[in-house]
Amino acid sequence: MAHLACQLPQNKVRVSFRLADIVHALGGSLVGGEDFQVSRISSLSQASPSDITFLSSAQYAKELQSTKAGVVILSPAHRALARPDQTLIVTDQPYLYYARLTQWWQSQLNAQLNESEPRVHPTAFIHPSAKVDPSARIGPFCVVEREATIGAHSWLKSRVSVGERCVISERVILHSGVVIGADGFGFAKDPQGWVKIEQLGAVRIAQDVEIGANSCVDRGALEDTVIEQGVKLDNLVQIAHNVHIGEHTAMAACVGVAGSAKIGKHCTVGGAAVVLGHLSVADHVHISAASVVTKSISKPGHYTGFFPIDENANWEKNAVTLKQLHRMRERVRALEQALQK
Amino acid sequence: MAHLACQLPQNKVRVSFRLADIVHALGGSLVGGEDFQVSRISSLSQASPSDITFLSSAQYAKELQSTKAGVVILSPAHRALARPDQTLIVTDQPYLYYARLTQWWQSQLNAQLNESEPRVHPTAFIHPSAKVDPSARIGPFCVVEREATIGAHSWLKSRVSVGERCVISERVILHSGVVIGADGFGFAKDPQGWVKIEQLGAVRIAQDVEIGANSCVDRGALEDTVIEQGVKLDNLVQIAHNVHIGEHTAMAACVGVAGSAKIGKHCTVGGAAVVLGHLSVADHVHISAASVVTKSISKPGHYTGFFPIDENANWEKNAVTLKQLHRMRERVRALEQALQK
Amino acid sequence: MAHLACQLPQNKVRVSFRLADIVHALGGSLVGGEDFQVSRISSLSQASPSDITFLSSAQYAKELQSTKAGVVILSPAHRALARPDQTLIVTDQPYLYYARLTQWWQSQLNAQLNESEPRVHPTAFIHPSAKVDPSARIGPFCVVEREATIGAHSWLKSRVSVGERCVISERVILHSGVVIGADGFGFAKDPQGWVKIEQLGAVRIAQDVEIGANSCVDRGALEDTVIEQGVKLDNLVQIAHNVHIGEHTAMAACVGVAGSAKIGKHCTVGGAAVVLGHLSVADHVHISAASVVTKSISKPGHYTGFFPIDENANWEKNAVTLKQLHRMRERVRALEQALQK
């Protein structure tokens with residue numbers, strides 16, 4: 001009776017679009033049948049005959065030869081790699097075309113499905129003093145607190161909290177469980193314990209930011225926490241109080257950025273990396289997954305720091321030695337001096 | 001006036017069950033009074049005279065001697081270690097017996113308490129097009145989006161979101177705050193910034209999966225994200241788009257699995273470990289806590305990679321040396337060559 | 001049309017308080033105009049003429065000279081560093097004074113704003129058998145399950161879940177998305193897969209604890225999970241079943257503490273650090289960010305363990321060498337022995 005998830009029914013959306021309509025909307029040169037009905041976007045290897053797919057790099061040329069896809073999006077440079085009878089959309093940036101195609105596809109589906117859905121779900125709680133643009137979408141059980149602002153075309157999925165006085169700009173997407181504007185972690189030490197420093201700032205999030213499920217952006221202590229336009233944060237990301245994240249920086253899941261850190265523009269931060277507090281990271285810096293930024297980084301580049309994984313028995317031997325590494329360096333120095341004599 | 005949490009009242013459930021009823025339901029050989037009333041399951045060291053406990057390994061034999069427990073579950077091999085007057089349940093796998101006893105215990109409590117509770121909490125939001133099995137339990141403020149499916153005997157605790165078209169099979173437990181089917185983190189790069197790739201896949205979760213509080217499983221980009229039967233995920237775990245997790249694999253809290261990774265069956269992943277994207281991990285692989293899987297692992301075994309903790313002053317010296325490690329290896333090589341001459 | 005978040009309107013609260021009222025409430029010696037109207041708390045460098053700020057350490061003496069702040073809080077020792085015409089509050093512990101000022105400030109605002117807000121939000125779900133003190137505040141979409149207890153003056157922000165039989169003491173703050181009392185991660189192994197061990201304990205949280213957004217504290221397996229008074233946990237922290245955290249310990253964001261670990265009093269744990277299960281950590285232990293505690297720590301002190309970040313190319317060379325470190329030690333030993341001969 002047990003069944004595998006891969007055998008569970010896929011709740012596929014049944015749709016199809018005319019190929020000429022896609023090209024009309026998104027551009028590119030169509031090679032082949034404009035009346036072709038596309039029923040799904042797929043990968044080269046998984047595509048069925050009614051699917052559209054894309055070739056983003058020559059390294060998949062082999063899959064291009066064997067794909068069953070009805071239509072392939074590719075660049076002029078790769079056109080010769082396709083089978084002669086293959087229906088094609090030829091465009092300079094196939095991966096970007098694919099991204100835009102997913103957006104067009106989704107908007108077509110939404111137009112069919114969402115017309116009757118209310119923009120503000122009846123279960124959401126919006127404080128009377130909050131300002132929500134009429135074009136914003138607010139999902140079930142969202143909370144928009146006192147004097148918060150939600151800009152045009154922004155979308156709070158289910159169960160999002162936006163704290164008081166926080167400002168969400170236009171076209172921002174906040175996924176389920178996101179918390180914007182919880183108190184920053186601020187306490188003063190006292191012999192009796194920790195004394196709370198009330199967090200009097202707020203959070204400001206600029207246009208076209210997207211924040212993943214269950215991520216948190218804390219309000220500032222005195223000034224605001226600021227996320228600039230086009231920033232993309234994955235799930236379970238922690239942004240502490242008074243952090244500033246520059247435009248178009250992207251952070252993968254489980255990243256933590258500590259208080260008052262200032263991250264530049266166009267940076268990328270790999271999953272589960274950590275940036276300590278009060279540091280500055282320059283524009284165009286790329287941090288590998290699971291790395292810990294402990295000093296400010298002023299030079300663009302690629303930075304890494306994690307222990308390489310190994311078979312446990314090897315790791316144990318190396319880890320034990322590592323705890324003596326400084327001593328070993330001294331032994332090497334002693335050997336060098338002995339040899340010099 | 002201050003009090004410690006350990007002095008706060010324990011909201012203990014007052015119940016008692018007849019020992020013979022337990023043995024009747026779960027098996028094992030009863031040695032001693034079948035009319036004994038068991039009021040709590042406890043550990044050997046904490047047990048009171050009306051409690052039942054278990055001996056899972058001979059290493060706790062000393063605690064067995066001194067326990068105040070009314071009843072001890074143990075294996076035939078350990079029977080001689082018990083006091084002669086001790087009431088016993090003798091069974092081949094005492095730890096498994098204990099697990100089943102907790103289930104039986106809980107089900108007895110639920111039978112007493114939950115009869116009047118509605119299966120679908122009146123505050124939950126279920127889209128009219130979603131399919132929820134009549135035996136499923138849906139807690140307060142849960143969200144089941146359009147065309148999602150919730151299978152028989154599955155249980156969504158409070159504040160769980162299941163996104164559109166996601167499929168939850170039978171006997172799945174999703175703890176509070178879980179988000180199934182948020183968008184995967186997919187963007188194409190463009191001179192103007194990141195262009196969203198709409199995530200058109202869904203999530204499929206097979207039978208007997210349990211997912212901990214505030215964990216996230218993202219929907220796939222084109223194909224679905226898949227979690228096979230019997231998988232157990234702890235709290236605050238991140239499963240990215242198009243990941244595939246094989247049967248009966250267990251992951252501790254704070255683990256992150258990046259996009260399109262394929263994890264085998266019967267694996268275990270320790271807390272806060274990270275698996276990078278597009279990797280394959282074989283069946284029966286065990287990853288230690290806080291380790292970063294950066295390459296596919298094709299061989300079953302135990303793998304580890306994290307920096308050993310030390311007193312900060314030692315760590316600092318070793319960390320500084322570590323940044324010169326490659327240079328040190330060259331010095332050792334130079335010494336070896338000098339000595340060979 | 002695009003705008004930066006730093007240009008978005010700040011939803012500043014317009015208020016002002018008379019300086020003499022502040023000193024009357026909080027103490028300290030006022031040097032200068034008691035009728036001065038303070039409109040904001042700010043930092044030395046960001047302050048406007050109507051702002052109050054503080055000097056916590058002589059290292060900011062330069063900023064003190066150039067600050068535009070109307071009022072500066074400082075210690076007697078630093079008084080001579082201020083400009084002669086500067087209005088001052090002189091007090092022994094300026095940072096603590098600042099913390100208390102933020103609390104006083106917030107309470108003044110709340111007195112103005114919250115009078116009409118209900119203490120229990122109408123959208124919250126509280127089980128009829130739960131005990132909620134009349135002075136507690138329960139925010140939108142909170143869930144308080146069967147027989148749970150919420151103490152006096154505690155505050156559950158939006159979307160907090162407190163599971164059955166869990167006990168929250170007085171003056172506890174639980175931020176949005178917190179989950180108290182989800183099941184601990186407990187399973188017994190069986191040839192057919194994992195067998196759930198029902199988690200029959202609860203969670204007890206003592207006075208003055210604060211827990212950050214989307215953090216989780218799991219219920220105990222048999223005994224309770226316990227968090228002692230004055231503990232402060234940041235966002236996205238995971239506390240597993242049967243953990244015990246001593247008084248006034250603070251943990252930064254993304255920390256994970258595995259099952260049955262016992263953490264002492266007055267400890268600090270840096271962001272994203274991990275404490276493995278069944279360990280004991282003494283009082284007054286300080287763990288650096290991103291470090292993994294793998295053995296019990298019995299001595300107060302500062303402990304660290306993470307790989308130092310570096311330019312990726314250097315890291316790669318050092319990481320490769322690290323996997324041969326044990327072998328390198330043997331080579332060094334061989335060299336030493338060869339030289340001794």
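What counts, and where the lines are drawn
- Residues numbered from 1 in each chain as written.
- Chains lettered and ligands numbered in written order.
- Predicted model: local features only at pLDDT ≥ 70, side-chain atom pairs only at ≥ 80, totals over all residues.
- Heavy atoms only, no water.
- Helix = DSSP H or I, 4+ residues; strand = E, 2+ residues; numbered from the N terminus.
- Buried < 20%, exposed > 50% of the residue type's maximum accessible area, 1.4 Å probe, protein only.
- Contact = heavy atoms within 4.5 Å.
- Polar contact = N/O pair within 3.5 Å; in protein donor to acceptor, adjacent residues only side chain to side chain.
- Disulfide = S-S within 2.5 Å.
- Buried area = accessible area lost by both parts, 1.4 Å probe.
- Salt bridge = Lys/Arg side-chain N within 4 Å of Asp/Glu carboxyl O.
- Nonpolar A, V, L, I, M, F, W, Y, C, P; charged D, E, K, R; others polar.
- Pairing = 2+ DSSP bridges.
- Axes fitted to C-alpha atoms, helices over the stretch in contact; angles between N-to-C directions.
- Left-handed = near helix turned anticlockwise from the far one by under 90°.
- Least-squares fit on C-alpha atoms with pLDDT ≥ 70 in both.
- Phe/Tyr/Trp six-rings, centres within 6.5 Å; stacked < 30°, edge-to-face > 60°.
- Lys NZ or Arg CZ within 6 Å of the ring centre and 35° of its normal.

Residue and element names in this part refer to chain A. Summarising the element assignment, His-241 is placed in the loop between strand E25 (238–239) and strand E26 (244–245). For His-241, a relative accessible area of 15% gives the class buried. Along the chain, His-241 and His-286 lie 45 residues apart, while their C-alpha atoms are 22 Å from each other. Apart from the residues lying within four places of it in its own chain, the contact partners of His-241 are Gly-184, Phe-185, Gly-186, Gln-199, Asp-218, Arg-219, Gly-220, Ala-221, Thr-225, Gly-259 and Ser-260. Separated by 2.7 Å, the side chains of His-241 and Gln-199 make a polar contact.

For the structure shown, the criterion picks out zero disulfides over all chains. Left unpaired, Cys-216 of chain C is separated from the closest cysteine sulfur, that of Cys-254 of chain B, by 8.2 Å. With no disulfide of its own, Cys-254 of chain C lies 7.8 Å from the sulfur of Cys-254 of chain A, the closest cysteine sulfur. By relative accessible area, which is 15% here, Cys-254 of chain C ends up buried.

Turning to unusual backbone geometry, a few remarks are in order. In this structure, Arg-165 of chain B takes a positive phi of about 70° despite not being glycine. If you trace the backbone, Arg-165 of chain B turns up in the loop between strand E14 (161–162) and strand E15 (167–168). On the basis of relative accessibility, which here comes to 9%, the residue Arg-165 of chain B falls in the buried class. The phi dihedral of His-284 of chain C falls on the positive side, at around 60°, and the residue is not glycine.

Between chain C and chain A, the residue contacts involve 79 residues of the former and 89 residues of the latter. In total, chain C and chain A occlude about 7000 Å² of area from one another, counting both sides; carbon and sulfur atoms represent 62% of this. Counting every contact that joins chain C to chain A gives six salt bridges. The salt bridge involving Arg-40 of chain C is made with Glu-223 of chain A; its shortest N-O contact spans 3.7 Å. Viewed at the interface, chain A and chain C are joined by 26 residue pairs in polar contact (both at pLDDT 80 or more). Put simply, the parts of the chain that give the side of chain C that touches chain A at least two residues each are strand E4 (40–41), helix H3 (94–113), strand E24 (232–233), strand E27 (250–251), strand E36 (310–311), helix H4 (312–322) and helix H5 (325–340) of chain C. With ten residues, H3 of chain C is the largest single contributor of residues to the side of chain C that touches chain A. Class assignment of the residues belonging to the side of chain C that touches chain A gives a composition of 41 nonpolar, 24 polar and 14 charged. One ladder, built from two bridges, connects strand E35 (residues 301–304) of chain A with E36 of chain C; its direction is antiparallel.

Running from amino to carboxyl end, helix H5 (residues 325–340) of chain B crosses H5 of chain C at an angle of 35°, the nearest separation of the two axes being 11 Å. In this structure, H5 of chain B crosses over H5 of chain C, and the sense of that crossing is left-handed. Contacts from Leu-325, Met-328, Arg-329, Val-332, Arg-333, Leu-335, Glu-336 and Leu-339 of chain B in H5 of chain B reach Leu-325, Met-328, Arg-331, Val-332, Leu-335, Ala-338 and Leu-339 of chain C in H5 of chain C. Grouping the constituent residues of the contact of H5 of chain B with H5 of chain C by class yields eleven nonpolar, no polar and four charged.

This part covers the relation of the copies chain B and chain C. When chain B is brought onto chain C, the operation consists of a screw motion whose angular component is 120° and whose axial shift is 0.0 Å, with 0.1 Å RMSD remaining. Classification of the inter-copy transformation places it as that of a three-fold axis. No C-alpha of chain B lies nearer the rotation axis than that of Phe-307 of chain B, which sits 3.4 Å from it. Interface residue correspondence from chain B to chain C reaches only 19%, placing this contact among heterologous pairings that use different surfaces.

Attention now goes to the pairing of strand E7 (residues 87–90) of chain A. All names here are of chain A. Burial along E7 is two-sided: Thr-87 and Ile-89 and Leu-88 and Val-90, pointing in opposite directions, are all buried. Two elements, strand E2 (residues 29–31) and E7, share three bridges in a ladder whose sense is antiparallel. Across the sheet, residue Ser-29 finds its bridge partner in E7, namely Val-90. Judged from the four bridges that link them, strand E6 (residues 71–74) and E7 form a sheet pairing that is parallel. Across the sheet, Val-71 pairs through a bridge with Thr-87, a residue of E7.

Okay, the interface of chain B and chain C next. Across the contact, 79 residues belong to chain B and 88 residues belong to chain C. Linking chain B to chain C there are six salt bridges. The closest approach of N and O atoms between Asp-183 of chain C and Lys-157 of chain B, which form a salt bridge, is 3.8 Å. Counting across the chain B and chain C interface gives 25 residue pairs in polar contact (both at pLDDT 80 or more).

Of the two same-sequence chains, chain C is brought onto chain A (RMSD 0.0 Å, axial shift 0.0 Å) by a rotation of 120°. In this assembly the copies use different faces: only 19% of the residues contributing to the interface of chain C also contribute to that of chain A.

Summarising the element assignment, Ser-291 of chain C is placed in the loop between strand E33 (285–287) and strand E34 (292–293). Of note is the side chain of Ser-291 of chain C, whose polar atom sits 2.9 Å from the backbone nitrogen of Gly-305 of chain C. Ignoring sequence-local partners within four residues, the contact set of Ser-291 of chain C consists of Ile-309 of chain B together with Ala-273, Val-274, Tyr-303, Thr-304, Gly-305 and Phe-306 of chain C.

Let's shift gears to the packing of aromatic side chains. Scanning the entire structure with this criterion turns up 27 aromatic pairs over all chains. Between the aromatic rings of Tyr-95 of chain A and Tyr-98 of chain A, the centroid separation amounts to 5.7 Å while the plane-to-plane angle is 45°, which identifies the pairing as tilted. Placement of both Tyr-95 of chain A and Tyr-98 of chain A in helix H3 (residues 94–113) is noted, with a separation of three residues, approximately one turn of the helix. Residue Tyr-95 of chain A is classed as partly exposed on the basis of its relative accessible area of 36%. By relative accessible area, Tyr-98 of chain A is classed as buried at 4%. Judged by centre distance (4.7 Å) and plane angle (50°), the ring pair of Trp-315 of chain A and Phe-306 of chain B falls under tilted. Taken together, the residues span two chains, with Trp-315 of chain A in helix H4 (residues 312–322) and Phe-306 of chain B in the loop between strand E35 (301–304) and strand E36 (310–311). Here the two residues Trp-315 of chain A and Phe-306 of chain B agree in accessibility, since each one is buried. Counting every residue linked through ring pairs, the aromatic cluster contains Phe-17, Trp-104 and Trp-105 of chain A. When the ring centre of Trp-155 of chain A is taken as origin, the NZ or CZ atom of Lys-157 of chain A, which lies over that ring, is 4.0 Å away.

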